[in-house]
Amino acid sequence: MRMPIGRRSVMTAAAAALAAPGLPARAQVRRRIRFTAVFSDQDIRAEAMRGFQADLQSQFDVELHLNATLFRQGTELVAIQRGNVEMANLAPQDFSRQIPAWSVMASAYLFRDADHMRKVFDGPIGAEFNRMARDQLNVHVLGPLYFGTRHVNLKPRRRISTPADMAGMKLRMPPGETWQFLGEALGANPTPVAFAELYTALQSGTVDGQDNPLPTSRTMRFHEVTTQFVLTSHLVAYDLLSISSRLWDGLTQPQRDAIQAAANKAIDQSTQRHLAQEQEMVAFFRSQGLEVYEPDVAAFRAEAQRRYLASTQSQAWPAGILDRIAAVR
(Lines give C-alpha, C1' and ligand atoms only; values in the text may rest on other atoms or scores of the structure.)
Protein backbone atom coordinates (compact mmCIF):
# COMPACT_ATOMS: atom_id res chain seq x y z
CA MET A 1 0.00 0.00 0.00
CA ARG A 2 1.34 3.39 -0.96
CA MET A 3 1.27 6.34 1.47
CA PRO A 4 -0.50 9.54 0.40
CA ILE A 5 1.99 11.88 -1.26
CA GLY A 6 1.73 14.57 1.46
CA ARG A 7 2.52 12.23 4.34
CA ARG A 8 5.28 10.48 2.37
CA SER A 9 6.97 13.81 1.62
CA VAL A 10 6.90 14.92 5.24
CA MET A 11 8.38 11.65 6.50
CA THR A 12 11.07 11.67 3.83
CA ALA A 13 12.07 15.24 4.73
CA ALA A 14 12.17 14.42 8.44
CA ALA A 15 14.35 11.37 7.86
CA ALA A 16 16.70 13.40 5.70
CA ALA A 17 17.04 16.07 8.38
CA LEU A 18 17.89 13.51 11.03
CA ALA A 19 20.41 11.82 8.80
CA ALA A 20 22.14 15.03 7.67
CA PRO A 21 25.93 14.92 8.23
CA GLY A 22 27.11 16.77 11.33
CA LEU A 23 23.59 17.12 12.70
CA PRO A 24 22.92 14.25 15.11
CA ALA A 25 19.32 13.84 16.16
CA ARG A 26 19.86 14.92 19.78
CA ALA A 27 21.48 18.17 18.61
CA GLN A 28 18.22 19.23 16.98
CA VAL A 29 16.43 19.52 20.32
CA ARG A 30 16.68 22.97 21.87
CA ARG A 31 17.30 22.35 25.56
CA ARG A 32 15.86 24.37 28.41
CA ILE A 33 18.27 25.13 31.26
CA ARG A 34 16.65 26.54 34.39
CA PHE A 35 19.18 28.19 36.71
CA THR A 36 18.38 28.88 40.35
CA ALA A 37 20.25 31.04 42.88
CA VAL A 38 19.53 32.92 46.09
CA PHE A 39 21.58 35.99 45.19
CA SER A 40 19.84 39.23 44.23
CA ASP A 41 19.17 40.25 40.64
CA GLN A 42 21.33 43.30 41.48
CA ASP A 43 24.29 41.10 42.44
CA ILE A 44 27.47 41.05 40.35
CA ARG A 45 26.89 37.34 39.86
CA ALA A 46 23.47 38.05 38.38
CA GLU A 47 25.08 40.23 35.73
CA ALA A 48 27.62 37.50 35.00
CA MET A 49 24.84 34.96 34.60
CA ARG A 50 22.94 37.26 32.26
CA GLY A 51 26.08 37.18 30.14
CA PHE A 52 26.06 33.39 30.37
CA GLN A 53 22.45 33.41 29.20
CA ALA A 54 23.24 35.71 26.26
CA ASP A 55 26.26 33.66 25.19
CA LEU A 56 24.11 30.52 24.91
CA GLN A 57 20.91 32.01 23.49
CA SER A 58 21.49 30.57 20.02
CA GLN A 59 21.59 27.01 21.38
CA PHE A 60 19.74 26.88 24.73
CA ASP A 61 16.78 28.44 26.48
CA VAL A 62 18.48 29.56 29.69
CA GLU A 63 16.05 30.76 32.38
CA LEU A 64 17.46 32.69 35.34
CA HIS A 65 15.55 32.36 38.62
CA LEU A 66 17.24 34.63 41.19
CA ASN A 67 16.35 35.98 44.66
CA ALA A 68 15.44 32.43 45.79
CA THR A 69 12.25 32.69 43.73
CA LEU A 70 12.43 29.07 42.59
CA PHE A 71 14.16 27.28 45.49
CA ARG A 72 15.23 28.57 48.90
CA GLN A 73 18.81 28.46 50.13
CA GLY A 74 20.08 24.96 50.83
CA THR A 75 17.46 23.12 48.76
CA GLU A 76 18.94 23.65 45.31
CA LEU A 77 21.18 20.57 45.29
CA VAL A 78 18.29 18.23 46.03
CA ALA A 79 16.25 20.01 43.36
CA ILE A 80 18.92 19.16 40.77
CA GLN A 81 19.11 15.58 41.97
CA ARG A 82 15.33 15.19 41.66
CA GLY A 83 15.30 16.70 38.17
CA ASN A 84 13.32 19.77 39.27
CA VAL A 85 15.95 22.18 37.94
CA GLU A 86 18.90 21.80 35.58
CA MET A 87 21.49 24.20 36.95
CA ALA A 88 22.25 26.01 40.20
CA ASN A 89 24.69 28.07 42.20
CA LEU A 90 25.54 25.59 44.97
CA ALA A 91 27.43 26.22 48.21
CA PRO A 92 30.27 23.79 49.01
CA GLN A 93 28.65 23.52 52.43
CA ASP A 94 25.65 21.89 50.74
CA PHE A 95 27.94 19.35 49.08
CA SER A 96 29.38 18.48 52.49
CA ARG A 97 25.94 17.49 53.78
CA GLN A 98 26.05 14.45 51.50
CA ILE A 99 29.82 14.06 51.13
CA PRO A 100 31.54 14.73 54.50
CA ALA A 101 34.98 14.98 52.85
CA TRP A 102 33.77 18.13 51.07
CA SER A 103 33.57 19.99 54.40
CA VAL A 104 37.28 20.76 54.14
CA MET A 105 36.55 22.89 51.07
CA ALA A 106 34.24 25.03 53.21
CA SER A 107 36.52 25.37 56.23
CA ALA A 108 37.84 28.67 57.56
CA TYR A 109 41.21 30.07 56.47
CA LEU A 110 41.72 27.33 53.87
CA PHE A 111 42.53 29.48 50.82
CA ARG A 112 44.88 32.46 50.81
CA ASP A 113 42.86 34.41 48.26
CA ALA A 114 40.68 34.04 45.15
CA ASP A 115 43.64 33.19 42.94
CA HIS A 116 44.75 30.39 45.26
CA MET A 117 41.22 28.99 45.36
CA ARG A 118 40.92 28.98 41.57
CA LYS A 119 44.30 27.27 41.14
CA VAL A 120 43.28 24.54 43.57
CA PHE A 121 40.07 23.86 41.62
CA ASP A 122 41.86 23.99 38.28
CA GLY A 123 44.36 21.34 39.38
CA PRO A 124 44.32 17.70 40.52
CA ILE A 125 42.73 18.50 43.91
CA GLY A 126 39.79 20.17 42.22
CA ALA A 127 39.45 17.27 39.80
CA GLU A 128 39.39 14.85 42.75
CA PHE A 129 36.63 16.71 44.58
CA ASN A 130 34.60 17.37 41.44
CA ARG A 131 34.74 13.65 40.65
CA MET A 132 33.28 12.95 44.10
CA ALA A 133 30.44 15.36 43.30
CA ARG A 134 29.75 13.71 39.98
CA ASP A 135 29.90 10.15 41.30
CA GLN A 136 27.95 10.72 44.51
CA LEU A 137 25.73 13.74 43.85
CA ASN A 138 25.05 13.46 40.11
CA VAL A 139 26.12 17.04 39.48
CA HIS A 140 28.78 18.27 37.09
CA VAL A 141 30.77 21.23 38.47
CA LEU A 142 31.52 23.89 35.85
CA GLY A 143 33.70 25.91 38.21
CA PRO A 144 33.93 27.93 41.45
CA LEU A 145 32.10 31.27 41.32
CA TYR A 146 33.99 33.66 43.63
CA PHE A 147 31.97 36.37 45.34
CA GLY A 148 34.34 37.90 47.85
CA THR A 149 36.06 37.24 51.16
CA ARG A 150 33.70 36.86 54.11
CA HIS A 151 33.94 39.21 57.09
CA VAL A 152 31.91 39.63 60.28
CA ASN A 153 29.31 42.41 60.28
CA LEU A 154 27.74 43.31 63.66
CA LYS A 155 24.92 45.43 65.04
CA PRO A 156 26.30 45.86 68.63
CA ARG A 157 29.16 48.34 69.02
CA ARG A 158 31.33 45.91 70.99
CA ARG A 159 34.98 46.09 69.84
CA ILE A 160 36.20 42.75 68.48
CA SER A 161 39.88 41.79 68.65
CA THR A 162 39.98 38.01 69.22
CA PRO A 163 37.47 35.12 69.03
CA ALA A 164 36.93 35.49 72.78
CA ASP A 165 35.28 38.85 72.09
CA MET A 166 32.65 37.11 69.97
CA ALA A 167 31.34 35.11 72.93
CA GLY A 168 27.56 35.35 73.20
CA MET A 169 27.16 37.05 69.83
CA LYS A 170 24.23 35.62 67.88
CA LEU A 171 25.87 35.39 64.47
CA ARG A 172 23.57 34.48 61.61
CA MET A 173 24.89 31.56 59.62
CA PRO A 174 23.03 29.69 56.87
CA PRO A 175 21.33 26.46 57.94
CA GLY A 176 23.47 23.32 57.88
CA GLU A 177 26.08 21.70 60.12
CA THR A 178 29.10 22.94 58.16
CA TRP A 179 27.89 26.55 58.24
CA GLN A 180 27.00 26.37 61.92
CA PHE A 181 30.42 24.98 62.80
CA LEU A 182 32.04 27.88 60.95
CA GLY A 183 30.19 30.27 63.26
CA GLU A 184 31.44 28.35 66.28
CA ALA A 185 34.99 28.45 64.92
CA LEU A 186 34.75 32.25 64.98
CA GLY A 187 33.83 32.13 68.68
CA ALA A 188 30.20 33.13 68.14
CA ASN A 189 26.81 31.61 68.87
CA PRO A 190 25.69 30.59 65.33
CA THR A 191 22.02 31.10 64.56
CA PRO A 192 20.44 29.70 61.37
CA VAL A 193 18.48 32.27 59.34
CA ALA A 194 17.54 32.09 55.68
CA PHE A 195 19.32 34.65 53.51
CA ALA A 196 16.05 36.23 52.36
CA GLU A 197 15.10 36.87 56.00
CA LEU A 198 18.44 38.24 57.18
CA TYR A 199 17.81 41.98 56.83
CA THR A 200 14.70 41.75 59.00
CA ALA A 201 16.50 39.51 61.51
CA LEU A 202 19.25 42.12 61.91
CA GLN A 203 16.76 44.95 62.09
CA SER A 204 14.68 43.27 64.79
CA GLY A 205 17.64 42.03 66.84
CA THR A 206 16.88 38.36 66.24
CA VAL A 207 20.58 38.11 65.44
CA ASP A 208 23.49 40.37 66.40
CA GLY A 209 25.35 40.03 63.14
CA GLN A 210 26.07 38.18 59.95
CA ASP A 211 29.03 37.21 57.80
CA ASN A 212 29.27 37.90 54.08
CA PRO A 213 31.64 39.46 51.56
CA LEU A 214 31.52 43.26 51.56
CA PRO A 215 29.92 43.58 48.10
CA THR A 216 27.08 41.25 49.14
CA SER A 217 26.52 43.22 52.34
CA ARG A 218 26.16 46.40 50.33
CA THR A 219 23.88 44.85 47.71
CA MET A 220 21.59 43.51 50.44
CA ARG A 221 21.88 46.80 52.39
CA PHE A 222 22.94 45.09 55.62
CA HIS A 223 24.96 48.20 56.49
CA GLU A 224 21.67 50.00 57.12
CA VAL A 225 20.94 47.83 60.17
CA THR A 226 24.47 47.29 61.58
CA THR A 227 27.24 49.43 63.06
CA GLN A 228 30.55 47.77 62.20
CA PHE A 229 32.50 45.47 59.92
CA VAL A 230 35.20 43.33 61.49
CA LEU A 231 37.60 42.30 58.71
CA THR A 232 38.20 38.74 59.86
CA SER A 233 38.84 37.47 56.28
CA HIS A 234 37.81 34.04 57.53
CA LEU A 235 36.56 32.51 54.29
CA VAL A 236 37.31 32.96 50.60
CA ALA A 237 33.70 32.79 49.50
CA TYR A 238 32.68 30.86 46.42
CA ASP A 239 29.82 28.77 45.17
CA LEU A 240 29.93 25.98 42.64
CA LEU A 241 28.35 26.68 39.29
CA SER A 242 26.84 23.26 38.73
CA ILE A 243 24.69 21.47 36.18
CA SER A 244 22.79 18.20 36.30
CA SER A 245 25.06 15.36 35.17
CA ARG A 246 22.05 13.73 33.49
CA LEU A 247 21.62 16.78 31.30
CA TRP A 248 25.36 17.12 30.76
CA ASP A 249 25.73 13.51 29.65
CA GLY A 250 22.93 13.95 27.12
CA LEU A 251 24.65 16.84 25.34
CA THR A 252 26.96 16.72 22.37
CA GLN A 253 30.60 17.67 22.90
CA PRO A 254 30.16 21.01 21.06
CA GLN A 255 27.22 21.81 23.35
CA ARG A 256 29.28 20.97 26.44
CA ASP A 257 32.15 23.10 25.14
CA ALA A 258 29.80 26.05 24.61
CA ILE A 259 28.39 25.79 28.14
CA GLN A 260 31.83 25.45 29.69
CA ALA A 261 33.17 28.43 27.74
CA ALA A 262 30.20 30.58 28.80
CA ALA A 263 30.65 29.45 32.42
CA ASN A 264 34.38 30.26 32.37
CA LYS A 265 33.63 33.73 31.02
CA ALA A 266 30.98 34.36 33.68
CA ILE A 267 33.30 33.15 36.44
CA ASP A 268 36.19 35.34 35.26
CA GLN A 269 34.00 38.45 34.95
CA SER A 270 32.41 37.93 38.35
CA THR A 271 35.79 37.39 40.01
CA GLN A 272 37.37 40.51 38.56
CA ARG A 273 34.39 42.72 39.40
CA HIS A 274 34.18 41.39 42.96
CA LEU A 275 37.89 41.97 43.54
CA ALA A 276 37.60 45.54 42.27
CA GLN A 277 34.49 46.27 44.32
CA GLU A 278 35.96 44.84 47.52
CA GLN A 279 38.63 47.53 47.35
CA GLU A 280 35.92 50.22 47.23
CA MET A 281 33.67 48.90 50.00
CA VAL A 282 35.78 49.86 53.02
CA ALA A 283 35.65 53.53 52.04
CA PHE A 284 31.94 53.30 51.27
CA PHE A 285 30.96 51.78 54.62
CA ARG A 286 33.08 54.28 56.52
CA SER A 287 31.34 57.07 54.60
CA GLN A 288 28.06 55.65 55.92
CA GLY A 289 29.24 56.06 59.51
CA LEU A 290 30.20 52.43 60.17
CA GLU A 291 33.39 51.28 61.87
CA VAL A 292 35.57 49.11 59.63
CA TYR A 293 38.70 47.61 61.14
CA GLU A 294 40.89 44.50 61.19
CA PRO A 295 41.01 42.39 64.37
CA ASP A 296 43.82 40.02 65.37
CA VAL A 297 43.40 37.80 62.30
CA ALA A 298 46.20 35.47 63.43
CA ALA A 299 44.26 34.75 66.64
CA PHE A 300 41.08 34.03 64.64
CA ARG A 301 42.99 31.74 62.26
CA ALA A 302 44.67 29.81 65.07
CA GLU A 303 41.41 29.30 66.97
CA ALA A 304 39.51 28.23 63.86
CA GLN A 305 42.17 25.73 62.84
CA ARG A 306 42.33 24.34 66.36
CA ARG A 307 38.57 23.76 66.41
CA TYR A 308 38.46 22.17 62.97
CA LEU A 309 41.29 19.74 63.67
CA ALA A 310 39.68 18.75 66.98
CA SER A 311 36.28 18.18 65.40
CA THR A 312 34.73 15.09 63.85
CA GLN A 313 34.54 16.97 60.55
CA SER A 314 38.27 16.68 59.94
CA GLN A 315 38.11 12.89 60.34
CA ALA A 316 36.37 12.71 56.95
CA TRP A 317 38.98 14.82 55.17
CA PRO A 318 41.39 13.10 52.74
CA ALA A 319 44.76 12.43 54.34
CA GLY A 320 47.20 15.32 53.94
CA ILE A 321 44.66 17.54 52.17
CA LEU A 322 45.51 20.71 54.11
CA ASP A 323 49.20 20.43 53.24
CA ARG A 324 48.36 19.68 49.60
CA ILE A 325 46.13 22.74 49.34
CA ALA A 326 48.67 24.96 51.10
CA ALA A 327 51.36 23.79 48.66
CA VAL A 328 49.47 25.01 45.60
CA ARG A 329 51.14 28.11 44.17
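See the structure shown above.
As the structure is a prediction and not an experimental result, all values here were calculated from the model. (Residues numbered from 1 in each chain as written. Predicted model: local features only at pLDDT ≥ 70, side-chain atom pairs only at ≥ 80, totals over all residues. Heavy atoms only, no water.)

Q: Provide a residue-level description of the pairing of strand β7 (residues 209-213), including the pertinent values.
A: The element β7 is largely enclosed, with a buried count of five among its five residues. Here five bridges tie strand β4 (residues 139-154) to β7, and the two strands are oriented antiparallel to one another. Within β7, the residue paired with Val152 across the bridge is Asp211. Judged from the two bridges that link them, strand β5 (residues 170-173) and β7 form a sheet pairing that is parallel. (Buried < 20%, exposed > 50% of the residue type's maximum accessible area, 1.4 Å probe, protein only. Helix = DSSP H or I, 4+ residues; strand = E, 2+ residues; numbered from the N terminus. Pairing = 2+ DSSP bridges.)

Q: Residues and numbers for the packing of aromatic side chains, please.
A: Under the definition given, this model contains twelve aromatic pairs. A centroid spacing of 5.5 Å and a plane angle of 85 degrees characterise the contact between Trp102 and Phe129, whose relative ring orientation is edge-to-face. Here Trp102, found in the loop between α4 (92-98) and α5 (114-122), pairs with Phe129, found in helix α6 (residues 124-137); they are 27 residues apart in sequence, far enough to count as distant. Of the two residues examined, Trp102 and Phe129, each falls in the buried class. (Phe/Tyr/Trp six-rings, centres within 6.5 Å; stacked < 30°, edge-to-face > 60°.)

Q: Please set out the pairing of strand β3 (residues 87-90) residue by residue, giving values where relevant.
A: Burial along β3 is two-sided: the residues Met87 and Asn89 and Ala88 and Leu90 are all buried. As defined by bridge partners, strand β1 (residues 31-36) adjoins β3 across two bridges and the pair is classed as parallel. Across the sheet, the residue bridging to Phe35 is Met87, located in β3.

Q: Residues and numbers for the nonpolar core, please.
A: One finds Phe95, Trp102, Met105, Phe111 and Met166 to be the most contacted residues of the largest nonpolar core, which totals 57 residues. Not counting residues within four places of it along the chain, the set of residues in contact with Met166 comprises Val152, Leu154, Arg158, Ile160, Leu171, Leu186, Gly187, Ala188 and Phe300. Within the second largest apolar cluster, 26 residues are counted, among which are Met49, Leu142, Leu145 and Ala263. (Core = buried A, V, L, I, M, F, W, Y, C linked by side-chain atoms within 4.5 Å. Contact = heavy atoms within 4.5 Å.)

Q: With reference to specific residues and values, describe unusual backbone geometry.
A: Even without a glycine there, the phi angle at Ala68 is positive, about 60 degrees. Here Ala68 shows up in the loop between β2 (60-65) and α3 (76-81). Ala68 gets classed as partly exposed once you look at its relative accessible area, which sits at 26%. Even without being glycine, Arg221 reaches a positive phi, approximately 65 degrees. Tracing the sequence through the fold places Arg221 in the loop between α9 (214-219) and β8 (228-244).

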